Amino acid sequence: MSQAASPLALAGVRVLDLSRVLAGPWCTQTLADLGADVIKIERPGTGDDTRAWGPPYLKDADGRDTSEAAYFLGANRNKRSLAVDLATPQGQAIVRKLAGQVDVLVENFKVGDLARYGLDAQSLLAEHPGLVICSITGFGQTGPYADRAGYDYAVQGMGGLMSVTGERDDLPGGGPQKVGVAVADLFTGMYATVAILAALRHRDATGQGQVIDMALLDTQLAMLANLGSNYLCSGKVPGRMGNAHQNIVPYQVFEARDGHLILAVGNDRQFAKFCEIAGHPEWAADERFATNAERVRHRATLVPLLEQVIRGRPRGDWLAALEAAKVPCGSINSIAEAFADPQAQARGAVVDLPHPLTPDLRLVASPMKLSATPVTYRHAPPLLGQHSDELLREAGCSADDIAAWRAAGVIA
């Protein structure tokens with residue numbers, strides 16, 4: 001589907017995307033969804049690493065696997081691909097030329113690597129002082145780990161997230177556990193998006209560009225949120241709690257007669273309503289359970305009582321009664337069930353976008369709902385080098401130069 005006629009929040013903003021894998025591409029896809037023109041620079045022959053991170057791969061119209069990995073498709077829509085070899089002087093010159101024609105440059109090279117190509121922030125800002133440059137690395141541009149490569153999995157461990165994720169150590173299955181998706185990458189991409197928009201506002205007001213230094217580890221520490229604050233305020237190191245909450249009780253998974261459900265009681269009034277539904281109104285009056293603070297302190301006493309009563313009734317009965325009483329609860333869906341849920345369908349959680357290899361590409365839609373400048377879906381995730389000629393012509397390069405560069409392997 002195409003919505004190119006819709007007003008675009010970031011119309012006129014051009015982004016040069018030298019990033020790959022997830023954090024950077026997630027950032028630039030978000031900017032592209034909002035209307036920015038994103039030029040994705042890729043290595044000829046291989047492109048973004050995630051193009052090969054499969055299976056699963058996109059299937060063509062005949063149901064056969066293509067070379068386009070689902071991973072890549074999930075983070076690169078609304079972009080145009082230029083395949084250019086940065087290891088060549090001509091390739092470096094092409095990217096330097098493009099850097100002078102954009103508003104934002106996003107990159108996730110190792111610290112210092114772009115200096116080899118004359119594309120470091122200091123060089124680019126000296127020539128283009130209004131440019132906003134966002135560098136995304138594992139550990140930032142400074143500090144003792146600056147030269148290290150950074151990966152989401154390692155940062156989840158180093159940043160404390162795996163110490164609070166998973167079942168308690170004293171229970172079966174206990175031990176370190178990563179989150180099911182690359183949350184350090186994804187959060188870094190989103191924080192980078194926010195920082196870029198702030199820098200653009202400053203640039204528009206002053207004409208001054210700047211450098212944004214984003215690090216996965218910094219982001220991971222920030223997104224510890226209440227758990228990081230718990231530690232800093234109390235000095236007590238939080239541990240793994242499985243499906244329970246560190247600061248709220250009852251706020252966890254319980255087993256009903258025929259399956260599991262989530263009970264997420266957020267205040268004392270909701271707890272009293274739950275107790276009525278459970279047939280134990282006396283629990284809400286018990287001084288050990290009357291307030292959340294006391295329920296947290298007496299978790300070990302209360303939770304077994306709840307487990308026993310919840311196990312006595314079917315999951316559907318509980319969910320219906322709790323929802324009717326406005327007590328937060330929920331089922332535990334598979335990903336297929338999550339996308340099939342009527343609410344997800346009503347909110348347009350999936351978007352159909354024709355791809356050069358198939359008319360039936362389905363992607364997870366953006367969650368951003370803007371009333372005046374809605375997200376648009378203008379381009380399917382590009383084939384490697386799909387827009388090389390188009391972008392070079394737009395940059396003012398001649399047909400002869402483009403042909404010569406292609407013959408020399410500088411572009412593809």
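Look up a bit, the structure's there.
Residues numbered from 1 in each chain as written. Predicted model: local features only at pLDDT ≥ 70, side-chain atom pairs only at ≥ 80, totals over all residues. Heavy atoms only, no water.

Tallied over the entire structure, the rule returns 23 salt bridges. Note that Asp-62 is salt-bridged to Arg-64, the shortest N-O span being 3.0 Å. Assigned by exposure class, Asp-62 and Arg-64 land together as exposed. Residues Asp-113 and Arg-116 are paired through a salt bridge, measuring 3.9 Å at the closest nitrogen-oxygen approach. (Salt bridge = Lys/Arg side-chain N within 4 Å of Asp/Glu carboxyl O. Buried < 20%, exposed > 50% of the residue type's maximum accessible area, 1.4 Å probe, protein only.)

Where nonpolar side chains cluster on the molecular surface, the patch consists of Ile-335, Phe-339, Val-350 and Val-364 and spans about 350 Å² of accessible area. As for its position among the elements, Phe-339 is in helix α14 (residues 335-340). (Patch = residues over 30% accessible without salt bridge, like charges linked within 9 Å, V, L, I, M, F, W, Y side chains within 5 Å. Areas by Shrake-Rupley, 256 points an atom, 1.4 Å probe, with all protein chains shown as cover. Helix = DSSP H or I, 4+ residues; strand = E, 2+ residues; numbered from the N terminus.)

Regarding helix α3 (residues 89-99), the residues found buried are Gly-91, Gln-92, Ile-94, Val-95, Leu-98 and Ala-99. For α3, the angular spread of the buried residues around the axis is 160 degrees, confining them to a single face. (Arc of directions from axis to C-beta.)

Mapped onto the fold, Thr-88 is located in the loop between β5 (79-83) and α3. Taking the C-alpha atoms as reference points, Thr-88 and Ile-411, 323 residues apart in sequence, are found 10.0 Å from one another.

Moving on, we come to the packing of helix α9 (residues 268-278) against helix α13 (residues 315-324). Two numbers describe how α9 lies on α13: the axes approach to 10 Å, and their chain directions differ by 135 degrees. Comparing their axes, α13 and α9 come out oblique. Classified by chirality, the crossing of α13 by α9 is right-handed. The residues of α13 that touch α9, namely those facing Phe-274, Ile-277 and Ala-278, are Trp-318, Ala-321 and Leu-322. (Axes fitted to C-alpha atoms, helices over the stretch in contact; angles between N-to-C directions. Parallel < 35°, antiparallel > 145°, perpendicular 65-115°, else oblique. Left-handed = near helix turned anticlockwise from the far one by under 90°. Contact = heavy atoms within 4.5 Å.)

The next subject is the packing of aromatic side chains. Counted according to the given criterion, the structure contains four aromatic pairs. Aromatic side chains Trp-53 and Tyr-71 sit 5.1 Å apart centroid to centroid with 85 degrees between the ring planes, which places their arrangement in the edge-to-face category. Residue Trp-53 is located in the loop between β2 (37-42) and β3 (57-59), and its partner Tyr-71 is located in helix α2 (residues 70-73); the two are separated by 18 residues in the primary sequence. For the pair Phe-274 and Trp-318, a centre-to-centre distance of 5.9 Å together with 20 degrees between the ring planes defines the contact as stacked. You can see Phe-274 sitting in helix α9 and its partner Trp-318 sitting in helix α13, a full 44 residues away along the chain. Classification of Phe-274 as buried rests on a relative accessible area of 0%. Each member of the aromatic cluster is reached from another via a ring pair, and the members are Phe-271, Phe-274 and Trp-318. Between Lys-178 and the ring centre of Tyr-153, over which it is positioned, the NZ or CZ distance is 5.7 Å. One Lys or Arg, Arg-295, reaches over the ring of Phe-271 and ends 4.4 Å from the middle of that ring. (Phe/Tyr/Trp six-rings, centres within 6.5 Å; stacked < 30°, edge-to-face > 60°. Lys NZ or Arg CZ within 6 Å of the ring centre and 35° of its normal.)

Turning to the sheet that holds β2, a few remarks are in order. The strand order β5-β2-β1-β6-β7-β8 describes an open sheet built from six strands, whose pairing is parallel. Of all the strands in the sheet, the pair left with one neighbour each is β5 and β8 (210-215). Taking each pair of neighbouring strands and ignoring which way they run, the sheet shows an average axis angle of 20 degrees. Alignment of strand β1 (residues 14-18) against β2, held across four bridges, turns out to be parallel. (Pairing = 2+ DSSP bridges.)

Here three strands make up an open sheet; going across it, the order is β9-β10-β11 and the pairing antiparallel. Because the sheet does not close on itself, it has two edges, and the strands there are β9 (251-256) and β11 (329-330). Sheet strands in contact with helix α12 (residues 299-310) are β9 and β10 (259-264), and its direction is about 35 degrees off that of β9.

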